[in-house]
Amino acid sequence: MNDFATWAPVLRLLRAERARRSAAGSVRVTGRIGRGGWSLALTRRMPPPGRAAQVEDMQEEHDAVKRVQEALADAGVDDVSFTAEIRPTGRTVLQLLGPSPAVEPGIGTPHPGALILVDGAVPEPWRRLPEPAPGAAPAPSADLELLERTLRERLPHAIGATEEEIAAAEARLGVTLPDELKVLYRVKRARWEDLSGDHDAARNECEAVGCELFDLDGLYVADAASRRCRWEFAAMEAVVTGPGARVQGLVGSPGWIAFGDNGGGDRLAVDLTPGPRGHKGQIIMLSHEENVGAELVADSLTDLVLGRLGSEPRGCGQRRPPAVARVNVASLRSVEAAAHPGLEVLSIGVWDEAPLSLAPVLGLPRLRTLTAYPGTLADPLEIAALTGLEYLELGPQEWRVLLDAGTVPRGLSAAAIRTHGDQDPLPIVAVANEILDLWDRPRIVRTVLEGDLGPRA
């Protein structure tokens, strides 16, 4: 990974791209390459109309990147960003930035992602456990005999799980499976080998059950840890469950047992920790496009199989100011409008008026996340009074003010540096390392490599 020759093909492609844009003299190129993808400022050839893009359409780029990816794999590194100064003669100074176990990779940028200041820390919504519902009971529609009879009529040749297999699944999960789910698996154990490769039979079984059923080994508890999310997104979420909700607005729950898929990546689960108006054992769906909450699908597994689908009644949501507030040119127009005692997340985005004061939110008891677009704060030092913050995202200049004043909030669990445009990553990495140093966290490693790409063609 630290051999200049490994990177030379990628750098030549980036230099050629800059030359097509009429860049004169020395050029600076940046990018990010990981084992699973890459982000490089290269123009790709469009495929012919009616045909999807193929590797052949970007073969030179693919081959150059693959060389780096193989080196990353050999070095045990998942992701690295880089910046390089290339002179007209071809003399090049390449700087590799990373990795650090305390830094999430950036998305489509060579700049670092979130800085994890406390090892193993997760945002507050990921620490939230379900509220107890001692009065919750199964829905009246839950009918074990009807469920089993219906499934056996629809799946007369299905192979069911043994009691030993069900007990093994319970031991692995650490939970007792609800009775309806046991009935389902006693009829159909959902192993692919039972179908002998018959796709029509698999489709018929999905229709009979109402979802793509996992086998017992695929069952999992859809707790918060199973719903992984980057800090920069997770810190912007809030858990809210209204008094009339059927489903608790959680990230995950130890009482959500995922047993199937809707065919589009959304998971179906039996809910053993329902909301205030829900039923124990109701069926919920966790969207793969959302980080928090679940949607009610049916009051019971019996209802799901019989096609008697339900939904959350209207008017059961929160009747209070939102816990997440966004101040920008298209949303709230002042910090005052966002301030209330229940505010947890304040995001200040693109702004076209005078910089804003944080005075209206000072002292709010639940404010834990603040993100502010560069240049939007009148006085970054006001942040020092926000002692409950666990996540802070600011522009590099705002971070510079806090660092120089020694007022970076020490209760933070994670932080990020917001950039825009084609900013040189080196100053950003320098600021990131200063922040990491305050928590004695591993720095972003800078490795300097020099080489010669030869003159431009």
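Residues numbered from 1 in each chain as written. Predicted model: local features only at pLDDT ≥ 70, side-chain atom pairs only at ≥ 80, totals over all residues. Heavy atoms only, no water.

Here we come to the pairing of strand S3 (residues 79-86). Judged by how many residues are buried, S3 sits mostly within the fold: 7 of 8 residues are covered. Both strand S1 (residues 27-34) and S3 contribute to a ladder of 8 bridges, which runs antiparallel. Within S3, the position partnered with Gly 34 by the bridge is Asp 79. (Buried < 20%, exposed > 50% of the residue type's maximum accessible area, 1.4 Å probe, protein only. Helix = DSSP H or I, 4+ residues; strand = E, 2+ residues; numbered from the N terminus. Pairing = 2+ DSSP bridges.)

Another point: the packing of aromatic side chains. Two numbers describe a pair of aromatic rings. These are the distance of the centres and the angle of the planes. On inspection of all chains with the given rule, the structure shows 3 aromatic pairs. Aromatic pair Trp 231 and Tyr 391: ring centres 5.8 Å apart, planes at 20°, arrangement stacked. Of this pair, Trp 231 sits in helix H8 (residues 231-234) while Tyr 391 sits in strand S15 (residues 391-394); the two residues are 160 residues apart in sequence, bridging distant segments of the chain. The aromatic ring of Trp 439 is capped on one face by Arg 410, whose charged end is 4.5 Å from the ring centroid. (Phe/Tyr/Trp six-rings, centres within 6.5 Å; stacked < 30°, edge-to-face > 60°. Lys NZ or Arg CZ within 6 Å of the ring centre and 35° of its normal.)

A separate point is helix H4 (residues 144-154). Leu 147, Thr 150 and Leu 151 are the residues of H4 that are buried. One side of H4 carries all its buried residues, which in axial view fall inside an arc of 95°. Opposite the buried face of H4, by more than 90 degrees, sit the exposed residues Glu 145 and Glu 153. On its buried face, H4 sits against helix H6 (179-187), helix H7 (199-209) and helix H9 (301-306). (Arc of directions from axis to C-beta. Contact = heavy atoms within 4.5 Å.)

So, about the nonpolar core. Here is a general trend for soluble globular proteins: nonpolar side chains tend to be buried in one another's company. In terms of nonpolar packing, the biggest core is built from 42 residues, with Leu 346 and Trp 399 touching the most fellow members. For this core, the secondary structure elements donating two or more residues are strand S12 (324-327), helix H10 (335-338), strand S13 (345-348), strand S14 (369-372), S15, helix H11 (396-405), strand S16 (414-417) and helix H12 (425-438). For this core, the leading source of residues is H12, giving 7 residues. Apart from the residues lying within four places of it in its own chain, the contact partners of Leu 346 are Ala 325, Val 327, Val 335, Ala 338, Leu 358, Val 361, Leu 367, Thr 369, Leu 370 and Thr 371. Core analysis: the next-biggest nonpolar cluster, separate from the first, contains 33 residues, Leu 147, Leu 173, Val 187 and Leu 219 among them. (Core = buried A, V, L, I, M, F, W, Y, C linked by side-chain atoms within 4.5 Å.)

This paragraph deals with the sheet that holds strand S4 (residues 91-97). One key point about sheets: their strands pair by backbone hydrogen bonds, in either a parallel or an antiparallel sense. Pairing is antiparallel in the open sheet, where 5 strands are placed in the order S2-S1-S3-S4-S17. Two strands lie at the open edges of the sheet, namely strand S2 (37-40) and strand S17 (446-452), each paired on one side alone. Geometrically, the sheet is characterised by an average inter-axis angle of 20° between neighbouring strands, direction not taken into account. Pairing analysis gives 6 bridges linking S3 to S4, with the strands arranged antiparallel. Residue Phe 82 lies in a different strand from S4, and its bridge partner there is Leu 96. Against the sheet, helix H2 (residues 59-75) touches S1, S2 and S3, its axis set at about 125° to S2. Where H12 meets the sheet, its contacts fall on S1, S3, S4 and S17, and the angle it forms with S4 comes to roughly 30°. (Axes fitted to C-alpha atoms, helices over the stretch in contact; angles between N-to-C directions.)

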